[in-house]
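For reference, the chains in residue letters:
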Amino acid sequence: MNRSDIIIIGAGPGGYETALLAASRGKSVTIIEAGHVGGTCLNEGCILTKSLCRSAEIVREIGESGTFGVKSGGCEVDFRAVMERKNTVVEQLRSGVETLLGHKLITLVHGRAAFKSADTVTVDGTGYTASDIIIATGSKAYIPPIPGADDPDVITSREFLGMDSLPGRLCIIGAGVIGLELASVMAAFGVQVTVLEYCREILPRFDADIAKRLKQSLVKSDMSIVNQAMVQSIERGESGLEVKYDLKGRSESVFADKVLVAVGRRADTDAMNFSDMGIAMTPKGIEVDGNMQTSVPHIYAIGDVVGGYMLAHEAVAQGRKALDHICGIENDIDLSLMPSAVFTSPEAACVGLTEQQCKEQGIPYTCRKTFFRSNGKAVCMGQTDGICKIIVAAGAGHDGLPSGDADGKILGCHLMGPHASDLIQEITALMSCGATLHRLESIIHPHPTLSEVFL
Ligand code: NAD
């Protein structure tokens, strides 16, 4: 029997980062992966999309170059080269992860794991045992039961990110994070994009102001977004795929060459025989407590398989929680303080409470708003479309400061604008220290930078 201190099942960001941290603490780790190391993020998700986002950004900048006094000879996208670059990025990062997992305390096993008992798993007939097991098996795209969704040109982001040519017309079902990021990239490449969203607004989990403004901005960049669209069926005809939908009682349709289904992901609860072990489940995935411990002692679960926001950095933080618990180390990671970003053009990002959540929870707040059009760096960049909202506790003073909204604790921040995904980290750091708006205002920010938007 192969024995180690910890078995980790799944080598996505949650699994491999936890393995590296465990090894750095002197723990022996067996990490088991059925596919490539790096998981969805590195092999079929975030990293691939971000590589395409960068290509799209360059296309946009060339298109706008005249505005900056630069003559450009136009811009034709070589999609094959775009995808080859994306593959090179993935291979480079994957080989980096493989090298790191070469640590002398880590054994990487390729294959599909199944539970034999609460401390033993098997892979292709070989048994592996450990005192603690961490499940990090991820999620898979959800395909709703729409008639016609089995057509080969109706695809998920996984197939989409492996395409070798651009579709002329693309219909995206779902204006969530995946749908909008890929819509933004495809619109920049000249694809005719229509996004159909079931809810009244795009990005239902985001602040309503940000969602509304982002929609306006994306529509300006040449795509169509239809809210309150209930997709009924997808039919193949002479003009390609016809996506039929109901719009407030009216029957409408849109024609497309490819249909991307991006209506959410689900915990991959079929990945292993969890039920044989009596591991308790919730409707979203594996049930865990605040230390990521499942109902079976010494079995932990982290990342997409427990539901949640399904973000790579969330999985990494949860992995640290689980490992600290295994090692008997106290930690103060606040898993509710989870920054999140959407890599559209312009980007959107958020952390903490929205106005809506403050209202629902009866928390007194004030909202401070500022616009990127008054930020010198944004004007120089020609990227002035954006807003910054900071939600501040109102009422009693905090941290010994007098009462008044300017002295209130920062409760949340919601951004749309250039580099929003990077900017949000300043507020995340401040919030993790319980800082007030007054504290933020007294921090010197370099000029001219986008970070001055917070002042
Ligand atoms: P999502 O939950 O972000 O969005 C799904 C959208 O589809 C929602 O707006 C929903 O209202 C809509 N929808 C659901 N059913 C529909 C239907 N039948 N017709 C039309 N619209 C419908 O899901 P996603 O975009 O698929 O992303 C999956 C997960 O991956 C998310 O949890 C997300 O956080 C994560 N992710 C994050 C990033 C990032 O952080 N940048 C990038 C990609 C994915």
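- As annotated in an unreviewed UniProt entry, the protein carries the name Dihydrolipoyl dehydrogenase and is attributed to Candidatus Cryptobacteroides avicola.
- Under the UniProt heading Sequence similarities (unreviewed entry), the entry covering the protein gives this text: "Belongs to the class-I pyridine nucleotide-disulfide oxidoreductase family."

### A few points about the site of the ligand
Link 1 in the chain: Close to the ligand lie 22 residues; Ile178, Glu181, Glu197, Gly264 and Ala341 are nearest.
Link 2 in the chain: Arg205 places a polar side-chain atom, nitrogen or oxygen, 3.1 Å from an oxygen atom of the ligand.
Link 3 in the chain: Interatomic distance of 2.9 Å between a backbone N/O atom of Tyr309 and an oxygen atom of the ligand.
Link 4 in the chain: Contact with the protein chains hides 82% of the accessible area of the ligand, taken as 850 Å² for the molecule alone.
Link 5 in the chain: For the shell around the ligand, the leading source of residues is helix α6 (residues 177-188), giving 3 residues.

### Considering the packing of helix α1 (residues 13-24) against helix α8 (residues 312-327)
Link 1 in the chain: Across the interface, α1 lies against α8 with an axial gap of 8 Å and an inter-helix angle of 40 degrees. By the angle class used here, α1 and α8 are oblique. Helix-helix and strand crossings are classified by hand; for α1 and α8 the assignment is right-handed. Residues Pro13, Gly14, Glu17, Thr18, Leu21 and Ala22 of α1 form the contact with α8, whose participating residues are Ala312, Ala315, Val316, Gly319, Arg320 and Leu323.
Link 2 in the chain: In terms of residue class, the contact of α1 with α8 is built from 7 nonpolar, 3 polar and 2 charged.

### Here's the deal with the environment of Phe372
Link 1 in the chain: For Phe372, the position within the fold is in the loop between β22 (365-371) and α10 (376-381).
Link 2 in the chain: Overall, the relative accessible area of 0% leaves Phe372 in the buried class.
Link 3 in the chain: Once the C-alpha coordinates of Phe372 and Leu450 are considered, the two residues, 78 residues apart in sequence, prove to be 8.0 Å apart.

About the criteria used
- Residues numbered from 1 in each chain as written.
- Predicted model: local features only at pLDDT ≥ 70, side-chain atom pairs only at ≥ 80, totals over all residues.
- Heavy atoms only, no water.
- UniProt positions renumbered as here; feature names shortened; annotations may be inferred.
- Near = heavy atom within 4 Å.
- Polar contact = N/O pair within 3.5 Å; in protein donor to acceptor, adjacent residues only side chain to side chain.
- Areas by Shrake-Rupley, 256 points an atom, 1.4 Å probe, with all protein chains shown as cover.
- Helix = DSSP H or I, 4+ residues; strand = E, 2+ residues; numbered from the N terminus.
- Axes fitted to C-alpha atoms, helices over the stretch in contact; angles between N-to-C directions.
- Parallel < 35°, antiparallel > 145°, perpendicular 65-115°, else oblique.
- Left-handed = near helix turned anticlockwise from the far one by under 90°.
- Contact = heavy atoms within 4.5 Å.
- Nonpolar A, V, L, I, M, F, W, Y, C, P; charged D, E, K, R; others polar.
- Buried < 20%, exposed > 50% of the residue type's maximum accessible area, 1.4 Å probe, protein only.

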